[in-house]
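# Summary of the model geometry
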Amino acid sequence: MSLDSTRRDLSNDIFLEMPLFVNGQQIASEKLRSLPSKEIRQDGNVLYVGQREFAAVSPDTENIDFIGTDDATTCHIFIIKHTGSGVVCLGHLDGCQTKKMICDMVKRTKKLSHGGPDGRMEVILVGGFLDDRALSKQLTLEVIRTLININDSLYLTVACFSDMNDMVRDGVHFPIIYGIAVEIKTGELFPATFNDKGPDANIRSAATFVFNEVREIFTDGFLRIGPFDWSPNHAIIQYVNAPDSVIRQHLSTSPEQEPPYFEQHIRQSITVLLDHPQPLLTLFPNGHPRLYYRNSTKNWTLLDN
């Protein structure tokens, strides 16, 4: 269905607001939930997209077979697939600059598809659950409001968010799907986990602590990281030696639902801030980004500045 055919005022009840969205996409969400999760290894030519990041690839992109993200609890995974060009654009939304990221993703999809076969832009929205603070619901509403008011025609083909992505275990709500991968050449979509979230996963994660902005990470065949600058006295540093329970409680929107490696990942990210108090000297000399390309041996290689 076309999103721009359902413009309407939104109240606070997400399912009263969007009966056409929910009813029309129930079959697609059930099929996605029924699929087994696959582990995608870094040697599988994967482009991993982290929190507050987005990237677009086409079937012609060299040495990239999969694009995906995971560790989404209250976060949402937003995907645009162009049916003509085969371009796939994927973003990991956490409530920061939601409208900007979606609009930028639409623009990038249109640009990469320009001059190719005709087609339409299909949207897949996955993520969130029935969390106690209703943060998932707030983000879902923000996404849907943006889609309804956008000028381009978008077609919601898979909707698996909030209660459609919720299960209860021992009386506690959890997301069913935490991660998604798309195979670029076939367009196949499936639940996924990633054993490697690089390159520079900890640098990219550290940036989310100090910058409230979204960023595109892959253009012209290069994965672009930074440049970032930060203060060595940032408040987040106090948590580097905090107990696991404190980190989980204060640095997660959904403490009970985080993966078991959550605390280790947070400490490693904070350590980047401590180890590089002047990142424009040590990580991003002369203010240049870290540029990676994927070589034929399936490794990300850092391009010398």
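As a reminder, the structure under discussion sits directly above these lines.
First, a word on scope: everything that follows refers to the structure included in this document. (Residues numbered from 1 in each chain as written. Predicted model: local features only at pLDDT ≥ 70, side-chain atom pairs only at ≥ 80, totals over all residues. Heavy atoms only, no water.)

### Focus: the sheet that holds strand β4 (residues 66-69)
We count it as follows: Two strands qualify as a pair provided that DSSP identifies no fewer than 2 bridges between them. Here a helix means four or more residues in a row that DSSP labels H or I, a strand means two or more in a row labelled E, and each is numbered from the N terminus. Under this scheme, a helix contributes an axis fitted over its contacting stretch, all axes are lines through C-alpha atoms, and angles between N-to-C directions fall in the 0 to 180 degree range.
Spatial ordering of the open sheet is given by β1-β12-β11-β4-β2, a layout of five strands whose pairing is mixed. What marks the edges here is a single partner per strand, and that holds for β1 (38-40) and β2 (46-48). This sheet shows a mean twist of 40° between the axes of neighbouring strands, independent of strand direction.

### Topic: the sheet that holds strand β14 (residues 218-219)
Strand order across the open sheet formed by four strands is β14-β15-β16-β17, with antiparallel pairing between neighbours. With partners counted over all chains shown, the strands left at the sheet margins are β14 and β17 (300-302), one partner each. As paired strands, β14 and strand β15 (residues 222-225) are joined by two bridges and run antiparallel to one another. The residue of β15 that forms the bridge with T219 is F222.

### Brief notes about the pattern of salt bridges
Note the cut-off: Every case where a carboxyl oxygen of Asp or Glu lies within 4 Å of a side-chain nitrogen of Lys or Arg is listed as a salt bridge. To sort residues, take the accessible area from a 1.4 Å probe on protein chains only and compare it with the maximum for the residue type: under 20% means buried, over 50% means exposed, and anything in between is partly exposed.
Scanning the entire structure with this criterion turns up 12 salt bridges. Its salt-bridge partner being K110, residue D152 comes within 2.7 Å of it at the nearest N-O pair. Here K110 lies in helix α4 (residues 98-113) and D152 lies in the loop between α5 (135-149) and β8 (154-161), a separation of 42 residues in the sequence. Among the residues examined, K110 registers a relative accessible area of 41% and is labelled partly exposed. One continuous salt-bridge network, built from bridges that share partners, spans D70, D71 and K197.

### Brief notes about the environment of F222
Relative to the elements of secondary structure, F222 occurs in strand β15. Exposure remark for F222: the relative accessible area of 28% places this residue in the partly exposed category. In the structure, F222 is positioned 61 residues away from F161 in sequence and 31 Å away in space, judged by C-alpha atoms.

### Re the pairing of β4
Residues of β4 alternate between two faces, with F66 and G68 on one and I67 and T69 on the opposite face, all of them buried. Bridge count between β2 and β4: three bridges; the pairing is parallel. Bridging across to β4, V46 finds its partner in F66. Pairing analysis gives four bridges linking β4 to strand β11 (residues 180-183), with the strands arranged antiparallel. Along β11, the bridge assignment pairs G68 with A181.

### Examining helix α8 (residues 262-275)
Our working rule: Multiplying 1.5 Å by the helix residue count minus one yields the expected span of that helix. Contacts between residues were defined by any pair of non-hydrogen atoms, one from each residue, lying within 4.5 Å.
Helix length check: α8 (14 residues) gives 20 Å between terminal C-alpha atoms against 20 Å at 1.5 Å per residue, within 8%. Summarising the contacts, the buried residues of α8 are in contact with α6 (201-210) and α7 (244-250).

### Regarding unusual backbone geometry
For the bond running from G198 to P199, omega is 5°, close enough to zero to count as cis. Note that P199 resides in the loop between β12 (189-194) and α6. A cis geometry characterises the amide bond from G226 onward to P227, with omega recorded as 5°. Within the fold, P227 resides in the loop between β15 and α7. Although it is not a glycine, N63 adopts a positive phi angle of roughly 60°. Position of N63 among the secondary structure elements: in the loop between β3 (53-57) and β4. Overall, the relative accessible area of 26% leaves N63 in the partly exposed class. Backbone geometry places N286, a non-glycine residue, at a positive phi of 60°.

### Points about the packing of aromatic side chains
Both the distance between ring centres and the angle between the ring planes are used here to describe each pair of aromatic rings. Counted only if it meets this: In this scheme Phe, Tyr and Trp rings, the latter by its six-membered ring, pair at centre separations within 6.5 Å, and the angle between planes marks the pair as stacked below 30 degrees, edge-to-face above 60, and tilted otherwise. Consider the ring centre and the ring normal. A charge sits over the ring if Lys NZ or Arg CZ is within 6 Å of that centre and within 35 degrees of that normal.
Scanning the entire structure with this criterion turns up five aromatic pairs. Taking 6.5 Å as the distance between ring centres and 80° as the angle between the ring planes, the aromatic pair formed by F222 and Y293 counts as edge-to-face. One end of the pair, F222, is in strand β15; the other, Y293, is in strand β16 (residues 290-294), with 71 residues separating them in the sequence. Among the residues examined, Y293 registers a relative accessible area of 31% and is labelled partly exposed. Grouped by ring-pair contacts, the aromatic residues F211, F228 and F284 constitute a single cluster. Cation over ring: R169 sits above F174, and NZ or CZ is 4.0 Å from the ring centre.

### A word on the nonpolar core
As a rule of thumb, soluble globular proteins bury nonpolar side chains together. We apply this condition: Definition of nonpolar core: a set of buried residues of the types Ala, Val, Leu, Ile, Met, Phe, Trp, Tyr and Cys, connected through side-chain atoms within 4.5 Å.
Residues L47, I67, I79, I180 and F218 are the most contacted members of the largest nonpolar core, which totals 48 residues. Element by element, the count of residues in this core is highest for α8, at five residues. Beyond its immediate stretch of four places on either side in the chain, I79 contacts V88, C89, L90, E122, V123, I124, I180, V182 and L189. Listed in part, the 25 residues of the second largest apolar core include M121, V143, I148 and L154.

### Details of the state of the cysteines
Definition in use: We call a pair of cysteine sulfur atoms a disulfide whenever their separation is within 2.5 Å.
In the structure shown here, the tally under the stated rule is zero disulfides. The thiol sulfur of C89 is not disulfide-bonded, and the nearest other cysteine sulfur, from C103, lies at 12 Å. A relative accessible area of 0% means that C89 is categorised as buried. Free cysteine C160: the closest other cysteine sulfur is in C75, separated by 15 Å. With a relative accessible area of 0%, C160 lands in the buried category.

The analysis is restricted to geometry; functional conclusions fall outside its scope.
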